[in-house]
Structure formats: C-alpha cells, structure tokens
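Here is how the chains run, residue by residue.
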Amino acid sequence: MSNLRIGVPSKGRLSELAGELLKQAGLSFRRQERSLFARAGEMPIDITFLRTDDIPVLCAEGAIDMGITGSDLVAESGADLITRLHLGMGRCKLALCVPEDSDVQEPGQLAGKRVATSFPNVTRQYLAQHDADVHLVNLGGSVEIMITLGVADAIVDLVETGSTLAANRLRVLAEIGKYESVLIQNPARRESELADRVVRRLEGVVIARSWSLLEYNLPRQRLAEAEQITPGYSSPTVNALEDPDWCAVKVMVRRGDVIGVMERLEAVGARAILETQINNCRL
Ligand code: PRP
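Residues numbered from 1 in each chain as written. Predicted model: local features only at pLDDT ≥ 70, side-chain atom pairs only at ≥ 80, totals over all residues. Heavy atoms only, no water.

### Structural notes on the sheet that holds strand β15 (residues 271-277)
In a beta sheet, neighbouring strands are held together by backbone hydrogen bonds and run either parallel or antiparallel to one another. Strand order in the open sheet made by the four strands is β13-β14-β12-β15, with antiparallel pairing throughout. Edge positions in the sheet fall to β13 (237-240) and β15, since each of these pairs with one other strand and no more. Here the average twist between neighbouring strands, direction ignored, is 20°. Alignment of strand β12 (residues 211-219) against strand β14 (residues 246-254), held across nine bridges, turns out to be antiparallel. Note that in β14 the partner of Asn217 across the bridge is Ala248. (Pairing = 2+ DSSP bridges. Helix = DSSP H or I, 4+ residues; strand = E, 2+ residues; numbered from the N terminus. Axes fitted to C-alpha atoms, helices over the stretch in contact; angles between N-to-C directions.)

### Focus on the sheet that holds strand β5 (residues 82-86)
The six strands lie next to each other as β2-β3-β1-β4-β11-β5, forming an open sheet whose pairing is mixed. Here the strands that pair on one side only, and so sit at the sheet edges, are β2 (37-40) and β5. Within the sheet, the average angular offset between the axes of one strand and its neighbour, ignoring direction, is 30°. Inspection of the sheet shows β5 paired to strand β11 (residues 181-185) by four bridges, in the antiparallel sense. The residue bridging His86 from the neighbouring strand is Val182, located in β11. Along the sheet, helix α6 (residues 192-210) makes contact with β1 (4-9), β3 (45-50), β4 (66-70), β5 and β11, crossing β5 at roughly 30°. (Contact = heavy atoms within 4.5 Å.)

### Some thoughts on the pattern of salt bridges
Tallied over the entire structure, the rule returns 11 salt bridges. Of the charged contacts in the structure, one is a salt bridge between Asp196 and Arg84, with a shortest N-O distance of 3.1 Å. Highlighted residues: Asp196 in helix α6 and Arg84 in strand β5, separated in sequence by 112 residues. Overall, Arg84 belongs to the partly exposed group, its relative accessible area being 24%. Where Glu180 meets Arg91, a salt bridge forms, and the shortest distance between an N and an O atom there is 4.0 Å. (Salt bridge = Lys/Arg side-chain N within 4 Å of Asp/Glu carboxyl O. Buried < 20%, exposed > 50% of the residue type's maximum accessible area, 1.4 Å probe, protein only.)

### Focus: helix α4 (residues 120-129)
Those residues of α4 not exposed but buried are Pro120, Val122, Thr123, Tyr126 and Leu127. Projected down its long axis, α4 shows its buried positions confined to an angular sector of 160°, all on one face. Along α4, exposed side chains directed more than 90 degrees from the buried face belong to Gln125, Ala128 and Gln129. The elements touched by buried residues of α4 are α3 (71-77), β6 (92-99), β7 (114-117), β8 (135-138), β9 (154-159) and β10 (170-179). Looking one or two places after α4, you find Asp131, whose phi comes out positive at around 55°. (Arc of directions from axis to C-beta.)

### What to know about the nonpolar core
Grouped together as the largest cluster of nonpolar side chains are 29 residues, with contacts concentrated most on Ile45 and Ile47. When contributions to this core are tallied by element, the ones reaching two or more residues are β1, α1 (13-24), β2, β3, β4 and α6. For this core, the element with the highest residue contribution is α6, accounting for seven residues. By size, the runner-up hydrophobic cluster in this structure holds 20 residues, among which are Cys92, Leu96, Val98 and Leu127. (Core = buried A, V, L, I, M, F, W, Y, C linked by side-chain atoms within 4.5 Å.)

### Focus: the site of the ligand
The ligand sits among Glu144, Asp157, Leu158, Val159, Glu160, Thr161, Gly162, Ser163 and Thr164. In this structure, an oxygen atom belonging to the ligand sits 2.9 Å away from a side-chain N or O atom of Asp157. The side chain of Thr161 places a nitrogen or oxygen atom 2.5 Å from an oxygen atom of the ligand. Coverage of the ligand by the protein chains reaches 57% of its 500 Å² of free accessible surface. (Near = heavy atom within 4 Å. Polar contact = N/O pair within 3.5 Å; in protein donor to acceptor, adjacent residues only side chain to side chain. Areas by Shrake-Rupley, 256 points an atom, 1.4 Å probe, with all protein chains shown as cover.)

### A look at the packing of aromatic side chains
Given two aromatic rings, one states the distance between the centres and the angle between the planes to describe the pair. Applying the stated criterion across every chain yields a total of two aromatic pairs. Judged by centre distance (5.2 Å) and plane angle (75°), the rings of Trp211 and Tyr233 are edge-to-face. Residue Trp211 is located in strand β12, and its partner Tyr233 is located in the loop between α7 (223-229) and β13; the two are separated by 22 residues in the primary sequence. It is Arg31 that lies over the ring of Phe49; its NZ or CZ is 4.0 Å from the centre. (Phe/Tyr/Trp six-rings, centres within 6.5 Å; stacked < 30°, edge-to-face > 60°. Lys NZ or Arg CZ within 6 Å of the ring centre and 35° of its normal.)

### Details of the environment of Ala38
Its location among the elements puts Ala38 in strand β2. Its relative accessible area of 10% is what places Ala38 among the buried residues. Through-space distance from the C-alpha of Ala38 to that of Phe49 is 8.4 Å; in sequence the pair is 11 residues apart. Not counting chain neighbours up to four residues away, the residues in contact with Ala38 comprise Phe29, Arg30, Ile45, Asp46, Ile47 and Phe49.

Given below as structure tokens:
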C-alpha cells in the first residue's frame with residue numbers, strides 16, 4: 001500500500017511552526033539539506049516540502065494527500081479541498097485598505113479605481129458583492145507600497161499586527177476575511193484511516209496548546225461559585241482534602257483566560273492556585 005503524502009511549507013515561519021507541530025504530535029522527520037522529501041516517524045508517511053501557496057492546488061490535484069498551509073491560500077485557490085483541522089497559528093485577516101487621508105468610506109466608492117493585491121480571486125469576489133467594478137493589479141508581493149508607487153488607489157493585503165499598514169500610512173476600509181493555518185486533505189484521499197490518525201494526533205497538540213490545567217484548593221461551600229468561573233472542558237474534577245471543609249479542584253481553562261480566572265478564583269476563596277501547561281491530550 002502506498003504511503004500517505006503530506007505537503008509541508010519548505011521555508012518561512014510556517015515551515016518552522018509546522019515542523020514543531022508535527023514533531024510534538026509524534027510525526028518527527030529529518031530533512032536532509034535541499035531535499036524535497038522526508039519520512040515521518042514510524043508511520044508510512046512521506047513529507048514533501050513545497051511552496052506554501054502551491055500546497056492547496058497540489059493537494060487538489062492529488063500530488064499530496066494532505067497539506068499544511070494558510071486558509072487564505074486555500075480560499076484564493078478555489079480548489080476542492082477538505083479542511084480537516086484549524087491549527088491555531090498564523091492568524092491574520094485580509095483587508096481592503098486605502099490611504100489614511102482618503103475620502104473613501106465604503107468599497108462601492110472604489111468603482112473605476114485600481115486595486116493591487118496578491119489575492120485576485122478573493123478580492124474580485126468581494127468587490128463584485130459590493131458592486132465595485134475595479135481594475136485589479138495582480139502582484140506577487142510588496143502590495144503595501146503600490147499606492148505610494150502610484151500603481152493603485154487601494155490595496156487588498158494580509159494584516160497581522162497592523163504595523164505594515166501604519167508604516168505605509170494606510171487604514172482598513174473593510175475586512176474581507178479571517179484566516180489561519182490549516183490542515184487540508186484531498187477529498188479522494190487514498191489512506192483515510194491513516195489520515196484520520198494524523199488528524200487526531202495533530203488535534204491533541206492543537207487543543208493542548210489553547211488550554212491550561214488549573215488546580216486549586218477551595219472551601220467546599222464556595223464550590224458552586226468556583227464552578228461558574230471554571231466550568232472546565234466537560235466538568236471539573238473535585239477531590240476530597242483531609243480537612244472536610246475543603247476540596248481540591250482540577251480543571252481545564254482556556255490559556256488566554258488563565259490570569260483573569262486566577263484572580264476571580266482567589267476572590268471566592270481559592271488558595272494554592274497552580275497553572276500547568278498541557279503538552280498533548282485526547283479529549
Ligand atoms: C504579510 C502581508 C503584510 C504583512 C502584514 O507579508 O503581506 O505585508 O505581512 O503583517 P503586519 O500587519 O504584522 O505588519 P509577509 O511578511 O508575509 O511577506 P509578503 O510581503 O511576501 O507577503
């Protein structure tokens with residue numbers, strides 16, 4: 001039986017992040033310098049290193065069975081693919097932007113103007129929905145300087161922190177979509193059981209990364225209040241302490257909420273509140 005082929009970005013930040021994620025999920029591989037292929041762990045999986053923006057189309061064409069790429073690139077490709085998992089990294093949005101001092105207040109006012117982008121398909125669709133018939137300037141990169149260069153009146157580009165926009169004195173006129181890194185799959189994949197195992201393994205790490213384990217001691221009579229603050233993934237684990245008036249609670253909390261939750265727990269009488277990082281899980 002042939003191996004499951006997974007396409008992974010060959011360079012850039014997503015290449016590193018994807019490598020770390022696969023490793024943490026027990027799918028580590030050793031990449032020889034300049035080699036395009038590697039074998040993952042003990043499983044019959046071949047890793048192929050590809051350009052991030054080629055991964056959606058190569059997956060749709062069946063050259064790879066699965067791939068790690070950006071959902072922005074999946075949307076732009078228009079390819080027939082299954083998104084198996086959102087990977088919780090590389091979050092960004094695609095935005096229609098104009099100069100800070102522009103009078104334009106809505107997309108419709110861009111009719112007849114020039115719009116530069118590396119996302120012509122998503123942009124065309126969005127502007128058509130807003131009745132803005134524009135001239136699209138399709139570029140491979142450096143879109144943010146095209147207004148200064150006199151090439152365009154507006155741009156459609158990815159925004160992460162917003163610093164590129166600020167540096168180029170641009171403002172967001174409209175948000176077109178939100179994107180992040182994803183695991184995609186060819187709908188006619190050959191190795192479905194193996195693909196499902198890969199998804200479960202990666203999912204365990206992705207979920208673990210967004211949750212922490214909190215443990216705390218609490219006067220038993222405050223349990224109902226504490227459960228309101230920390231309802232947990234399904235429900236908290238409550239154990240007895242030697243002092244019958246107290247109990248020990250163990251519960252999963254969204255990582256971004258931990259600090260606020262600790263303060264609220266302290267206010268209802270919790271003590272010895274400890275946060276532990278979860279590396280992997282099966283829920
Ligand atoms: C992306 C995007 C913007 C920038 C936005 O470029 O095209 O230029 O990041 O990020 P910010 O809001 O944090 O400033 P990237 O660095 O991926 O390279 P690119 O120019 O090749 O697209």
